[in-house]
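Summary of structural features
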Amino acid sequence: MADAVPAELIDGTPAKLKANLVALLGEDRVLHRLIDLVRYASDASPYRYIPQVVVMPRTVEEIAKIMTYCRQEGRHATFRAAGTSLNGQSQSDDILIDVRRHWNGGSVEDNGARLRAKPGLILAHANAMLHRYRRKIGPDPASGHACTLGGVIANNAGGMRCTLDKDAYSTVVEMTIVLPSGTIINTAAPGAETAFAVAEPELARGLIELRRELLEHPELVERVRRKYSIRNTHGLRLLALLDGETPLEIFRRLMVGSEGTLGFIAEAVLETVPAPAATSVAWIPLSSIDEAVALVPDLVKLGAAAVELMMAPALAAAGEAFPGTPAYWRSLDPKAAALLVEFGASDEGVLAAVQDKVAELVAPLKLLSPLSFTSVEEAVELAWHVREGLLGLVGKQRPQGTMLITEDVCFPPSRLAQGAVRRYQAVRIRQGAFQGRHPGVCEQEAGLLAQAGCLARQCASSRLMTLGDQEAGVERRHMNVSTRDQGRTGRNRRPLSPRSKRRWASSSKDKPL
């Protein structure tokens with residue numbers, strides 16, 4: 001079998017590697033049994049990498065020891081926190097470093113304006129800490145009840161309500177970093193810039209030289225700024241060379257989204273964003289994608305926190321999987337689509353006024369069901385559970401033996417229907433996929449994002465609209481020192497009820513992602 005345990009790992013971690021790490025860290029820090037290695041071989045992605053060993057350091061000094069060991073022995077390491085990555089970045093075929101178990105915790109500062117956090121702090125827990133201050137973390141990944149802030153920062157995770165000014169790159173202001181050399185730098189400490197230059201002189205000089213070269217080419221400067229106005233631009237964030245003026249300022253920014261290739265984030269301080277006191281959601285069902293897409297810019301102008309486009313087949317499948325969803329979903333014409341919109345405001349009066357404006361906006365349109373906003377917590381949570389559960393529905397419907405791969409695609413808002421959604425719908429119709437109540441997923445679509453969605457997102461601060469989910473990131477393999485836990489929450493979502501969990505589990509049975 002392709003994913004069988006290698007013969008050299010049948011007895012667990014190789015003896016020499018185990019002995020070296022036990023001597024370095026202590027026996028209680030090293031997981032070496034075969035059952036441990038297999039347990040850490042999978043994450044939320046479809047990939048499987050069996051690590052040689054799993055280590056659980058408790059301090060930055062122990063992290064530095066591991067990095068020094070890797071450098072001296074020619075080994076590579078990967079950091080893993082929650083393991084919610086969809087692209088396998090928290091897997092390793094060598095040394096896997098667990099940075100969740102002993103790296104939890106955080107503290108609120110400046111009356112909620114900032115949060116100091118360890119990398120293992122779960123995002124939903126961070127937002128719970130901030131709730132009394134009516135603040136939250138800017139990034140809003142769908143995996144917020146599981147993902148950790150370390151992964152959010154290492155992948156510059158976004159989410160459904162996270163515009164560019166709220167992402168990790170824009171809100172992280174301080175870090176404690178462990179470099180591959182073993183150097184430990186607190187970017188906010190007095191004299192940190194000098195300490196960085198002394199400890200890493202070649203790196204410091206190189207960063208300034210790269211900045212100088214970039215600034216010498218105005219056309220390249222413009223291109224870099226334009227590329228990073230697009231939500232799904234990945235790779236090392238070259239914008240840091242423009243936004244930072246000193247070596248450490250540049251390096252701190254480069255750490256965000258670097259997926260652990262540059263070092264380990266042992267602690268970070270994030271600026272928080274306001275959390276609305278009142279929130280409501282509504283479904284706006286229309287007879288065509290074009291009608292739905294045409295509404296998006298006006299909804300954003302009215303202050304929509306999120307606008308999600310879902311095609312009729314997605315809603316039909318969700319209607320079967322989730323109790324309490326609208327009955328009309330099951331009988332929608334395949335060409336229909338609906339927008340899930342969310343608005344937030346400082347109080348109920350302001351929210352009601354915005355809802356009235358939305359009603360005026362859609363009044364001339366022929367809605368497939370009357371517009372109805374709800375602020376009932378359970379209804380709001382159900383709406384977002386539907387949105388977040390679409391990936392699982394797609395996994396359930398794919399042909400046996402095929403793999404589901406998600407990818408982000410960006411289009412100018414004016415060309416979304418032309419460029420992606422309508423073409424996708426045409427493929428579905430041509431394949432006969434809209435026949436029956438449970439449309440299948442044809443193999444040609446494995447690389448397209450979600451039959452269950454063509455999820456279109458309008459970013460208020462961006463010129464482009466994203467098809468897909470910002471958190472997906474880019475797959476990387478054999479990284480020297482890498483991290484990814486799927487940081488893809490600004491909101492504190494409640495888990496599904498036991499009944500919903502049973503229904504969801506049965507709908508996904510025998511179709512593991």
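Structure first, text after, so check above.
Now for a quick tour of the structure.

What counts, and where the lines are drawn
- Residues numbered from 1 in each chain as written.
- Predicted model: local features only at pLDDT ≥ 70, side-chain atom pairs only at ≥ 80, totals over all residues.
- Heavy atoms only, no water.
- Salt bridge = Lys/Arg side-chain N within 4 Å of Asp/Glu carboxyl O.
- Buried < 20%, exposed > 50% of the residue type's maximum accessible area, 1.4 Å probe, protein only.
- Helix = DSSP H or I, 4+ residues; strand = E, 2+ residues; numbered from the N terminus.
- Pairing = 2+ DSSP bridges.
- Axes fitted to C-alpha atoms, helices over the stretch in contact; angles between N-to-C directions.
- Contact = heavy atoms within 4.5 Å.
- Arc of directions from axis to C-beta.
- Phe/Tyr/Trp six-rings, centres within 6.5 Å; stacked < 30°, edge-to-face > 60°.

To continue, consider the pattern of salt bridges. If you walk through the whole model with that rule in mind, you get 17 salt bridges. The salt bridge involving glutamate 109 is made with arginine 114; its shortest N-O contact spans 3.4 Å. In terms of burial, glutamate 109 and arginine 114 fall into one category: buried. Residue arginine 161 is joined to aspartate 140 by a salt bridge in which the shortest nitrogen-to-oxygen separation is 2.5 Å. One end of the pair, arginine 161, is in the loop between helix H5 (149-154) and helix H6 (168-171); the other, aspartate 140, is in the loop between strand E7 (135-136) and H5, and 21 residues separate them in sequence. No difference in accessibility class separates arginine 161 from aspartate 140, as the two residues are buried.

Bringing the sheet that holds strand E5 (residues 106-109) into the picture now. Taken together, 5 strands build an open sheet; the order of strands is E5-E6-E10-E8-E9 and the sheet is antiparallel. With partners counted over all chains shown, the strands left at the sheet margins are E5 and strand E9 (184-186), one partner each. Recorded for the sheet is a direction-independent mean angle of 15° between the axes of neighbouring strands. Bridging between strand E8 (residues 172-178) and E9 involves 3 bridges; their strand directions are antiparallel. Considered in E9, the bridge of isoleucine 177 is made with isoleucine 185. Against the sheet, helix H3 (residues 60-73) makes contact with E8, E9 and strand E10 (264-271), and its axis sits at roughly 55° relative to E8, the strand it touches most.

A separate point is helix H4 (residues 123-130). Residues of H4 that are buried include every one of Leu123, Ala124, Ala126, Asn127 and Leu130, and no others. The arc that holds every buried residue of H4, seen down its axis, measures 155°, which confines them to one face. On its buried face, H4 sits against E5, strand E6 (114-117), E7 and H5.

Let us look at unusual backbone geometry. Although it is not a glycine, aspartate 110 sits at a positive phi angle of roughly 55°. Within the secondary structure, aspartate 110 is located in the loop between E5 and E6. The class for aspartate 110 is exposed, based on a relative accessible area of 52%. Although it is not a glycine, arginine 134 adopts a positive phi angle of roughly 55°. Inspection of the secondary structure puts arginine 134 in the loop between H4 and E7.

Let's shift gears to helix H13 (residues 312-321). Across the 10 residues of H13, 9 count as buried, placing the element largely inside the fold. Residues of H13 that are buried include every one of Ala312, Pro313, Ala314, Leu315, Ala316, Ala317, Ala318, Gly319 and Ala321, and no others.

Now for the pairing of strand E4 (residues 95-98). The side chains of a regular strand alternate, residue by residue, between the two faces of the sheet. Of the two faces of E4, the one lined by Ile95 and Ile97 and the one lined by Leu96 and Asp98 are each fully buried. Judged from the 3 bridges that link them, strand E2 (residues 53-55) and E4 form a sheet pairing that is parallel. In the strand pairing of E4, valine 55 is matched with isoleucine 97. Relative to E4, strand E3 (residues 77-80) is paired through 4 bridges, and the arrangement is parallel. Each residue of the ladder has a partner; that of alanine 77, found in E4, is isoleucine 95.

Below, the discussion takes up the packing of aromatic side chains. Applying the stated criterion across every chain yields a total of 5 aromatic pairs. Each ring, one from tryptophan 283 and one from tryptophan 329, has its centre 4.8 Å from the other, and the planes form 80°; the classification is edge-to-face. Here the residue tryptophan 283 occupies a position in strand E12 (residues 278-286), and tryptophan 329 occupies one in the loop between H13 and strand E14 (337-345), the gap between them amounting to 46 residues. Its relative accessible area of 14% is what places tryptophan 283 among the buried residues. Residue class for tryptophan 329 comes out buried when judged on its relative accessible area of 1%. Taken together, Phe79, Trp103 and Phe264 form an aromatic cluster joined through their ring pairs.

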